[in-house]
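Here's the letter readout for the chains.
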Amino acid sequence: MRDEPEQLPAIDVEVDALGLTCPMPLLKAKRALNAMEIGQHLRVRSTDPGSIRDFEVFSEQSGHPLLAANHEGEQFVFVMRKAEPRMIRN
């Protein structure tokens, strides 16, 4: 998992995905990101160990930077920044 930067930005939206299994933590995160403004920050809390890989892959594919991914007790905590939409290429 990524180390948490010393200073994370203020969180604009928080998603509680505790107790949910794949694919629900990521789906809830996607829904939240869709409603957010570019540059806002999302924090997701999950108990699903599979969410680690899900969020890493989603960040790479979507372009939304994964700023932090931490394991806190039984929880996995992810912080992402909403990025600008990617250009669609034909």
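Residues numbered from 1 in each chain as written. Predicted model: local features only at pLDDT ≥ 70, side-chain atom pairs only at ≥ 80, totals over all residues. Heavy atoms only, no water.

Asks: An account of the packing of aromatic side chains is needed here, citing residue identities and associated values.
Replies: Using the criterion set out here, one finds 1 aromatic pair in the structure. Look at Phe55 and Phe78: their rings are 4.3 Å apart centre to centre, the planes differ by 10 degrees, and that puts the pair in the stacked class. Of this pair, Phe55 sits in helix H2 (residues 51-62) while Phe78 sits in strand S4 (residues 75-81), and the two are 23 residues apart along the sequence. (Phe/Tyr/Trp six-rings, centres within 6.5 Å; stacked < 30°, edge-to-face > 60°. Helix = DSSP H or I, 4+ residues; strand = E, 2+ residues; numbered from the N terminus.)

Asks: So what's going on with the environment of Ala83? Residues and values would help.
Replies: Looking at where Ala83 falls in the secondary structure, it is placed in the segment after S4. On the basis of relative accessibility, which here comes to 17%, the residue Ala83 falls in the buried class. Sequence-wise, Ala83 and Gly63 are 20 residues apart; in three dimensions their C-alpha atoms are separated by 6.4 Å. (Buried < 20%, exposed > 50% of the residue type's maximum accessible area, 1.4 Å probe, protein only.)

Asks: Explain H2 residue by residue, including any values.
Replies: With 12 residues, H2 should cover 16 Å at 1.5 Å per step; its first-to-last C-alpha distance of 16 Å lies within 8% of that length. Of the surrounding elements, those touching the buried residues of H2 are helix H1 (24-35), strand S2 (41-46), strand S3 (66-72) and S4. (Expected span 1.5 Å × (residues − 1). Contact = heavy atoms within 4.5 Å.)

Asks: Could you give me a rundown of the side chain of Ser51, with the residues and numbers involved?
Replies: Structurally, Ser51 can be placed in helix H2. We classify Ser51 as buried; its relative accessible area is 1%. Excluding residues that lie within four positions of it along the chain, Ser51 makes contacts with Pro25, Ser46, Phe76 and Phe78.

Asks: Give a detailed account of the environment of Arg45, specifying residues and quantitative values.
Replies: Checked against the element boundaries, Arg45 lands in strand S2. Here Arg45 falls in the partly exposed class, since its relative accessible area comes to 25%. Placed 26 residues apart in sequence, Arg45 and His71 show a C-alpha to C-alpha distance of 9.8 Å. Residues contacting Arg45, with those up to four places away along its chain left out, are Glu14, Val15, Asp16, Ala17, Leu18, Glu72, Gln75, Phe76 and Val77. Among the polar contacts listed, one links the side chain of Arg45 to the side chain of Glu14, at a separation of 3.3 Å. (Polar contact = N/O pair within 3.5 Å; in protein donor to acceptor, adjacent residues only side chain to side chain.)

Asks: I'd like to hear about the pattern of salt bridges, residue by residue, with values.
Replies: Taken as a whole, this structure holds 4 salt bridges when the rule is applied. A salt bridge links Glu14 to Arg45; the shortest N-O distance between them is 3.3 Å. Highlighted residues: Glu14 in strand S1 (residues 13-17) and Arg45 in strand S2, separated in sequence by 31 residues. A salt bridge links Arg45 to Glu72; the nearest nitrogen and oxygen atoms lie 3.5 Å apart. Remark: Glu72 occurs in strand S3 and Arg45 occurs in strand S2; sequence separation between them is 27 residues. (Salt bridge = Lys/Arg side-chain N within 4 Å of Asp/Glu carboxyl O.)

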